[in-house]
Amino acid sequence: MGVSALLENDHAQFQHVSRQSMKAIIAERFATLIASGVLSVGDPLPGERDLASAMGVSRETIRGALLILSTKGILSVIQGARTTVASVDVGALGLSALSQTRVVDYGLDDVHDARLTIEARVSALAARRIDAAAIARLSDLIDVQDAASEDPVRYLIADREFHTVIYRASGNAVLSDIATTLYSYLLSHRRKVIAQPGAIRRSIDDHCAILAALKARDGAALATAFGVHERRIYETTRQLVAGASPTAENGF
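Residues numbered from 1 in each chain as written. Predicted model: local features only at pLDDT ≥ 70, side-chain atom pairs only at ≥ 80, totals over all residues. Heavy atoms only, no water.

What about the pattern of salt bridges?
All chains considered together, the criterion is met by 11 salt bridges. In this structure, a network of salt bridges that share partners links the residues Glu-48, Arg-59 and Arg-63. (Salt bridge = Lys/Arg side-chain N within 4 Å of Asp/Glu carboxyl O.)

Structure, rendered in C-alpha cells:
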C-alpha cells in the first residue's frame, strides 16, 4: 500500500469525526502550525515540492490547501514568489479535539504529564495496529527530516507529520486528536530550541529509536523511546521558558 492509500485509509477511518477533503485537512495542519507559533506573519513557507514530501500528498493537494488559506487572508500567495504568512488569526482552523486557546492555558508540567500518559497508551495501540504503509511513511519522513536539518520550520512540519502518523496508527480517533493537540503546545518555543546546534540531529535519532520499536512491534520499547523523546522536549522547553538556553546534552 502506498502513501496515498495510507492517507485515504486514515481519512476513511475517521470519517465519523470529519468528512473534509484532503486539501482541507492539509489546510488545517498548516493553520495549526501558524496558531501554535511555528510560523509568524511574514514567514515564508517551504516550496510546494518540499511541503508535498513532508505532508505525503500531491503538489496539487498542497496548492489547494494553500488556496483555502489564502482566500481566508491567512497566507499571501503571489505567482513566482514564496508563499508567506499574512495573518496569524486562523479562527477555528487548526483545532483538534481540544481548543488550542484552552491548551495554552495549561502549565508545562501538566501538559508534560498528559503527553506521557496519552502517548504511552497511543504507543501501545500503535505497536499492535500499525501497518506496513505507515511504517514506510515514517521511514520516508525521517529522510525528509534529514534533508531539513538546516531548516527548523521545514523540520517541524515533518516532525508533526511523524508524530501524527503514529497517533493515527493507534486506531483511536479521540486519543489521536488529544495527542495531536498536546503535541502543539509551545511549538513556538520548540522552533527556537531546534535552532540550537545538533538539536535536530538528536531529535531524528529519537525518531529512529521510535521507528525501530514500531518495526519490532515492541510496545514496551516504543513507550520507552517516546518517553525519552518527550522528556527531552519537556526539559529543553522548560529551560527556554525559564530564560535559560537549552543545554547541548538535551537538545530537542
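Focus on the environment of Tyr-183
In this structure, Tyr-183 sits in helix H9 (residues 173–183). Residues Tyr-183 and Ser-36, 147 residues apart in the sequence, show an inter-C-alpha distance of 9.9 Å. If we ignore the near neighbours within four places in the chain, the residues touching Tyr-183 are Arg-115, Leu-156, Asp-159, Arg-160, His-163, Tyr-167 and Arg-190. (Helix = DSSP H or I, 4+ residues; strand = E, 2+ residues; numbered from the N terminus. Contact = heavy atoms within 4.5 Å.)

Things to note about the packing of helix H6 (residues 108–129) against helix H12 (residues 219–241)
Contact pair H6 / H12: the axes reach a minimum separation of 9 Å and the direction vectors enclose 160°. When the interaxial angle is binned, H6 and H12 end up roughly antiparallel. Relative to H12, the crossing made by H6 is right-handed. Contacts between H6 and H12 pair Leu-108, Asp-109, His-112, Arg-115, Leu-116, Glu-119, Ser-123 and Ala-127 from the former with Gly-219, Leu-222, Ala-223, Phe-226, Gly-227, Glu-230, Arg-231, Ile-233, Tyr-234, Thr-237 and Arg-238 from the latter. Residue classes in the contact of H6 with H12 are distributed as eight nonpolar, five polar and six charged. (Axes fitted to C-alpha atoms, helices over the stretch in contact; angles between N-to-C directions. Parallel < 35°, antiparallel > 145°, perpendicular 65-115°, else oblique. Left-handed = near helix turned anticlockwise from the far one by under 90°. Nonpolar A, V, L, I, M, F, W, Y, C, P; charged D, E, K, R; others polar.)

Comments concerning empty space enclosed by the protein
Summed over all chains, the structure comprises one cavity of 30 Å³ or more. For the largest cavity, the lining is made up of 13 residues, of which Leu-108, Tyr-185, Arg-190, Glu-230 and Ile-233 are closest to its centre. If you list the elements that add at least two residues to the lining of the largest cavity, you get H6, H9 and H12. Across the lining of the largest cavity, the residue classes tally to eight nonpolar, two polar and three charged. (1 Å grid on protein atoms, 1.4 Å probe; cavity = no way out; pocket = protein on both sides within 12 Å on 5 of 7 lines; lining within 4 Å. Points joined across faces, edges and corners; volume = space filled by probe spheres on them.)

As for the layout of surface pockets
Of the pockets and cavities examined, the second largest pocket occupies roughly 280 Å³. As for the second largest pocket, its lining consists of 16 residues, of which Glu-48, Leu-66, Val-77, Ala-81 and Thr-83 are closest to the centre. Broken down by element, the residue count for the lining of the second largest pocket peaks at four residues, all from helix H4 (residues 59–71). Its residues assigned to classes, the lining of the second largest pocket comprises eight nonpolar, five polar and three charged.

Quick word on the confidence of the model for the chain
Caution applies to low-pLDDT regions: their predicted coordinates should not be interpreted in detail. Scored by pLDDT, the chain comes out at a mean of 84, with 84% of its residues at no less than 70. Every residue in residues 1–19 scores below 50 in pLDDT, and together they form 32 contacts with partners more than four places removed in sequence or on other chains. (pLDDT = per-residue confidence, 0-100.)

Focus: the side chain of Arg-154
Here Arg-154 lies in helix H8 (residues 152–169). Residue Arg-154 is classed as buried on the basis of its relative accessible area, which comes to 17%. Not counting the four nearest positions on each side in its chain, Arg-154 is found in contact with Pro-46, Asp-50, Ala-147 and Ala-148. (Buried < 20%, exposed > 50% of the residue type's maximum accessible area, 1.4 Å probe, protein only.)

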